[in-house]
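# Structural characterization, general
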Amino acid sequence: EGKSEEAKEMYLKCYEICQYLADETDSLVIRSDLAIICERLGIIYHSENNFSAAKEMYIKSFEINLAVLEATGTIEAEYALAISYDRLGFIYTDECRIEDAEEMHMKALELRKAIAEKTGTVEARKALSASYETIGSNYENKGELQKAKELYLYARDIYQEISDETKTTESFSDLARANGNLGN
């Protein structure tokens, strides 16, 4: 716990500095850095079960990422916004706001589909697979097993494609996890 507290203190200091710089400049790089710091603070608060503080940080990160995307239209900004949607979805799940969680995860999925179509990179396709797994898990938790299986199959097929292409230990591990989700 000492390391977590130390990390939180460091991120809070970074937050103050970055917030000051963001207020004083129009730098999108600084705003993007601020969004990352907010996300990391949200992760720390989330791990401490401080959901209100985590949500506050995730919302700040989301708002900054949305503004950066609107200003730049870059793939990187789309990717950051997809992460923000997922973080909010995880908080809403913990708050038992299942429909809101699903909406956030679906928005992340749609962004990741677009990114994967535009770039075709392994990273983009892995992120897309992770989105399918997240939404599949939500359906599984609701008892909608057929829909969950369908989504897990999408994820598995993408992981299989990546594994065939890259033949890395990581890709085989992802494929094994995806097969585990299907009970294989």
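Structural notes, computed from the coordinates. Owing to the predicted nature of the structure, the values given are computational and were not obtained by experimental measurement. Numbering of residues starts from 1 in every chain and runs along the sequence as written. Local features in this predicted model are restricted to residues of pLDDT 70 or higher, and side-chain atom pairs are both shown and tallied only at a pLDDT of 80 or more, whereas totals for entire chains, interfaces and linings draw on every residue. Values shown for side chains rest on all heavy atoms present in the structure; no hydrogens or waters enter the calculation.

## A word on the nonpolar core
The nonpolar side chains of a soluble globular protein tend to be buried with one another. What counts, and what does not: Here, nonpolar core refers to any group of buried Ala, Val, Leu, Ile, Met, Phe, Trp, Tyr and Cys residues whose side-chain atoms link them within 4.5 Å. Summary of the burial criterion: residues with accessible area below 20% of their type's maximum are buried, those above 50% are exposed, and those between are partly exposed, where the area comes from a 1.4 Å probe applied to protein chains only. The helix and strand labels rest on DSSP assignments: H or I over at least four residues marks a helix, E over at least two residues marks a strand, and numbering proceeds from the N terminus.
Counting residues in hydrophobic clusters, the biggest one holds 29 residues, and the most contacted among them are Leu34 and Tyr85. Secondary-structure elements contributing two or more residues to this core are helix 1 (2–24), helix 2 (28–47), helix 3 (51–72), helix 4 (75–94) and helix 5 (98–119). When residues in this core are grouped by element, the largest group, eight residues, is from helix 3. Of all hydrophobic cores here, the second largest spans 16 residues; its members include Ile135, Tyr139, Leu151 and Ile162.

## Quick look at the pattern of salt bridges
We apply this condition: Put simply, a salt bridge is a Lys or Arg side-chain nitrogen that is within 4 Å of an Asp or Glu carboxyl oxygen.
Within this structure, the stated rule accounts for 17 salt bridges. Among the ionic pairs, Glu95 bridges to Arg97, the shortest N-O distance being 3.2 Å. When its relative accessible area of 29% is taken as the criterion, Glu95 is described as partly exposed. With its nearest N and O atoms 3.3 Å apart, the salt bridge here joins Glu103 to Lys107. Linking Glu103 with Lys107, this pair stays in helix 5, spanning four residues, or about one helical turn. Residue Lys107 is classed as partly exposed on the basis of its relative accessible area of 34%. When salt bridges that share partners are traced, they join Lys55, Glu95, Arg97 and Asp100 into one network.

## Concerning a nonpolar patch on the surface
Where we set the bar: Think of a patch as exposed residues, more than 30% relative accessible area, with no salt bridge, where like charges cluster within 9 Å and nonpolar side chains (Val, Leu, Ile, Met, Phe, Trp, Tyr) cluster within 5 Å. Note on areas: these come from Shrake-Rupley sampling with a 1.4 Å probe, and a residue is covered only by the protein chains present in the view.
Together, Ile17, Tyr20 and Leu21 give the surface a local cluster of nonpolar side chains, amounting to about 310 Å² of exposed area. Of note, Tyr20 is situated in helix 1. Classification of Tyr20 as exposed rests on a relative accessible area of 51%.

## Thoughts on the environment of Glu110
With respect to the helices and strands, the residue Glu110 is situated in helix 5. Residue classification places Glu110 among the partly exposed residues on the basis of a relative accessible area of 42%. Taking the C-alpha atoms as reference points, Glu110 and Ser131, separated by 21 residues in sequence, lie 9.2 Å from one another.

## Focus: the side chain of Lys8
Note the threshold: Only heavy atoms matter for contacts: two residues are in contact if any of them lie within 4.5 Å across the pair.
Structurally, the position occupied by Lys8 is in helix 1. Setting aside anything within four residues of it in sequence, one finds Lys8 in contact with Leu41, Ile44, Tyr45 and Glu48.

## A closer look at the packing of helix 3 against helix 4
Note the threshold: Where helices are involved, their axes are fitted lines through C-alpha atoms of the stretch in contact, as for all axes, and angles between N-to-C directions lie from 0 to 180°. Put simply, angles under 35 degrees are roughly parallel, angles over 145 are roughly antiparallel, angles from 65 to 115 are roughly perpendicular, and the rest are oblique. Take the far helix as your reference; a near helix turned counterclockwise from it by less than a right angle gives a left-handed crossing, and one turned clockwise gives a right-handed crossing. Ten residues, namely Ala, Val, Leu, Ile, Met, Phe, Trp, Tyr, Cys and Pro, are considered nonpolar, four, namely Asp, Glu, Lys and Arg, are considered charged, and the remaining ones, Gly among them, are considered polar.
Taken N-terminus to C-terminus, the directions of helix 3 and helix 4 make an angle of 155°; their axes are 9 Å apart at the nearest point. For the element pair helix 3 / helix 4, the angle class is roughly antiparallel. Our pair here, helix 3 against helix 4, has a crossing hand that is left-handed. Each of Phe51, Ala54, Lys55, Tyr58, Ile59, Ser61, Phe62, Asn65, Leu66, Val68, Leu69 and Thr72 in helix 3 lies in contact with helix 4, whose residues at this interface are Ala77, Glu78, Ala80, Leu81, Ser84, Tyr85, Arg87, Leu88, Ile91, Tyr92 and Asp94. The class makeup of the residues in the contact of helix 3 with helix 4 is 15 nonpolar, four polar and four charged.

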